[in-house]
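# Architecture and fold: a report
Residues per chain, in single letters:
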Amino acid sequence: MIVVEHLSKRYGAQTAVDDVTFRCEPGTVTGFLGPNGAGKSTTLRMLLGLVRPTRGGAVIAGRPYAEHRRPVRHVGAVLESDSFHPGRRARDHLRVLATAAELPPSRVDAVLDEVGLADAAGRRVKGFSLGMRQRLGLAGALLGEPDVLILDEPANGLDPEGITWLRQYLRAFADGGGTVLVSSHLLTEVAQTVDDVVIIARGRLVTHSSLAELSSRTRSAVRVRTPQMAALRDALGARGVTSEAVAADTLIALETTADAVGLAAAGSGAVVYELSPERLSLEDVFLQLTGASR
C-alpha cells in the first residue's frame, strides 16, 4: 500500500504541494491527475525520497522509500524518459542498473522481452523514439520484480498501439496484486485503466474517489444559443434549472431536457438560435474540478 499523509512542500514563498493526503491499495491502478504544474511530479519525488517534504510524510509497504533495504525489489519508478546515456545500448543500460541493484543478469533480457524491446536490445538509445524510451524506462523499473509501480506520465510519446499495450500491462500488473500509481494531466488518457483517481490543482487535493464515483458526476445538459441570455436564465431558474454561461450568447442548462428548455424559452419570449442536448464528459468534470480550460 502507498500512504501519503498531509504532504506539503514549500520553496521559499512558493507552495508547490499543500497538505495532500491519499492512499493506493494493492490490486488497483490509481490515476494521479492534475494540470501541468499542479504539483504531481513534486509529490512523486517526495514519495520516492528525492525531495524532502516541508511537512507530512509518505510510506510504501509500511515504511518510507529510503528505509527499504533493497527498494528496487519493492518499488519500480519512472519519473523521466530521458535519463539514459545516448551512446549506450538498451541491454547495456539495463545491465548497469541490474549490477548496481545486485540483481541477476537474467532479469535484463526478461524485462526487455516483457516491455516489447527484445528486438531493439542491441540498439543505442540515441536512436530510440520517445515511446521506446518510455518502454526502456519501464523495463528498468521492472528489474527488481517490484510489487509497486510509480510512473510519471508514462504514455507520453506512445503511439496508439503502445498506449493500448501500456493500459493492458498496468491492468494485468494490478490484477496480479500489484499497486500502480500513474500520473497524467489528461483524465481521458487513463480513464480506461484506473480504478481510483486522485486529482490535485495548484498543489492542493481536489478529489480522491473511485473512477465509478467520479463518472457518476457526469450530467445531462442542454446547450442553448440565444440573444436573450438574461431572460432565459431567469426563466430556467424559476423552474429550478441551473445554467452556466459559456459564451456571450450561449449557456448550458444542467440536469434538464431540451423540451423543458424550449418551454422556458417560449414562456420568456427568448429567441433560440440553437438547442442541442449534451452530456458532460469525464473530461468536462475534470476541467471543472481543476479550474482548467480547454
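Anything mentioned here points back to the structure above.
Figured I'd write up the structure that's included with this text. The structure presented is a predicted model; accordingly, all values stated were derived computationally and were not measured. (Residues numbered from 1 in each chain as written. Predicted model: local features only at pLDDT ≥ 70, side-chain atom pairs only at ≥ 80, totals over all residues. Heavy atoms only, no water.)

## Focus: the overall build of the chain
A count of helices and strands for the chain gives 10 helices and 13 strands. On the principal axes, the C-alpha backbone points of the chain span a range of 75 × 45 × 35 Å. Residues counted as buried form 47% of the 294 residues belonging to the chain. Here the contacts in the chain between residues at least 6 apart in sequence split such that 69% fall between residues at least 24 apart. With an accessible surface of roughly 14000 Å², the chain has 49% of that area assigned to carbon and sulfur atoms. (Helix = DSSP H or I, 4+ residues; strand = E, 2+ residues; numbered from the N terminus. Buried < 20%, exposed > 50% of the residue type's maximum accessible area, 1.4 Å probe, protein only. Contact = heavy atoms within 4.5 Å. Areas by Shrake-Rupley, 256 points an atom, 1.4 Å probe, with all protein chains shown as cover.)

## Describing the nonpolar core
One finds Leu-136, Leu-138 and Leu-149 to be the most contacted residues of the largest nonpolar core, which totals 48 residues. Discounting chain neighbours no more than four positions away, the residues touching Leu-149 are Gly-76, Leu-138, Ala-141, Leu-142, Tyr-169, Leu-170, Phe-173, Thr-179, Val-180 and Leu-181. By size, the runner-up hydrophobic cluster in this structure holds 24 residues, among which are Phe-22, Phe-32, Leu-44 and Met-46. (Core = buried A, V, L, I, M, F, W, Y, C linked by side-chain atoms within 4.5 Å.)

## Structural notes on the pattern of salt bridges
Tallied over the entire structure, the rule returns 9 salt bridges. A salt bridge links Asp-19 to Arg-55, with the nearest nitrogen and oxygen atoms 3.3 Å apart. Here Arg-55 lies in strand E4 (residues 55-60) and Asp-19 lies in strand E2 (residues 14-24), a separation of 36 residues in the sequence. On the basis of relative accessible area, Asp-19 is assigned to the partly exposed category, the value being 28%. Judged by relative accessible area, which is 45%, Arg-55 ranks as partly exposed. Of the charged contacts, one joins Arg-171 and Asp-175 as a salt bridge, the two residues approaching to 3.3 Å between their closest N and O atoms. (Salt bridge = Lys/Arg side-chain N within 4 Å of Asp/Glu carboxyl O.)

## Focus on the packing of helix H2 (residues 90-100) against helix H3 (residues 106-114)
Running from N to C, H2 and H3 point in directions that differ by 130°, and their axes come no closer than 9 Å. By the angle between their directions, the pair H2 and H3 is classed as oblique. Considering only the axes of H2 and H3, their crossing is right-handed. In contact with Ala-90, Arg-91, Leu-94, Arg-95 and Ala-98 of H2, H3 contributes Val-108, Asp-109, Val-111 and Leu-112. A breakdown of the residues in the contact of H2 with H3 according to their chemical character gives 6 nonpolar, no polar and 3 charged. (Axes fitted to C-alpha atoms, helices over the stretch in contact; angles between N-to-C directions. Parallel < 35°, antiparallel > 145°, perpendicular 65-115°, else oblique. Left-handed = near helix turned anticlockwise from the far one by under 90°. Nonpolar A, V, L, I, M, F, W, Y, C, P; charged D, E, K, R; others polar.)

## Comments concerning the layout of surface pockets
In this structure, the largest pocket occupies an estimated 510 Å³ of space. Of all the secondary structure elements, the ones that give two or more residues to the lining of the largest pocket are strand E5 (75-78), H2 and helix H4 (130-142). It is E5 that provides the largest number of residues to the lining of the largest pocket, a total of 4 residues. Of the residues that constitute the lining of the largest pocket, the class distribution is 15 nonpolar, 6 polar and 2 charged. (1 Å grid on protein atoms, 1.4 Å probe; cavity = no way out; pocket = protein on both sides within 12 Å on 5 of 7 lines; lining within 4 Å. Points joined across faces, edges and corners; volume = space filled by probe spheres on them.)

## A word on the pairing of strand E6 (residues 148-152)
Summarising burial for E6: 5 of the 5 residues are buried, a large majority. Both faces of E6 are covered, namely the face carrying Val-148, Ile-150 and Asp-152 and the face carrying Leu-149 and Leu-151. As defined by bridge partners, E5 adjoins E6 across 4 bridges and the pair is classed as parallel. Residue pairing across strands places Val-75 opposite Val-148, the latter belonging to E6. A crossover connection joins E6 to the parallel strand E7 (residues 179-184) through helix H5 (residues 160-175); in handedness this β-α-β unit is right-handed. (Pairing = 2+ DSSP bridges. Right-handed = clockwise from strand over helix to strand, strands pointing away.)

## Quick notes on the packing of aromatic side chains
Inspection of the entire model under this criterion finds 2 aromatic pairs. Between the aromatic rings of Phe-22 and Phe-32, the centroid separation amounts to 5.4 Å while the plane-to-plane angle is 35°, which identifies the pairing as tilted. Of the two residues, Phe-22 is situated in strand E2 and Phe-32 in strand E3 (residues 29-33); the sequence distance between them amounts to 10 residues. With relative accessibility at 3%, the residue Phe-22 sits in the buried group. Here Phe-32 falls in the buried class, since its relative accessible area comes to 0%. Sitting over the ring of Tyr-11, Lys-9 keeps its end group 5.1 Å from the ring centre. Here Arg-135 stacks its cationic end above the ring of Trp-165, 4.4 Å away from the centre of that ring. (Phe/Tyr/Trp six-rings, centres within 6.5 Å; stacked < 30°, edge-to-face > 60°. Lys NZ or Arg CZ within 6 Å of the ring centre and 35° of its normal.)

## Let's talk about the environment of Phe-22
The spatial distance from the C-alpha of Phe-22 to the C-alpha of Thr-207 is 9.5 Å, given a sequence separation of 185 residues. Phe-22 has contacts with Ile-2, Val-3, Val-4, Phe-32, Thr-43, Leu-181, Val-198 and His-208, leaving out every residue within four places of it along the chain.

## Overview of helix H9 (residues 258-268)
All of the buried residues along H9 are Val-261, Ala-264 and Ala-265. On an axial view of H9, the arc spanned by its buried residues comes to 100°, and they lie on one face. The outward face of H9, more than 90 degrees from its buried face, is lined by the exposed residues Asp-259, Leu-263, Ala-266 and Gly-267. Looking at the packing, one finds that the buried side of H9 touches strand E10 (220-225), helix H8 (229-238), strand E12 (250-254) and strand E13 (274-279). (Arc of directions from axis to C-beta.)

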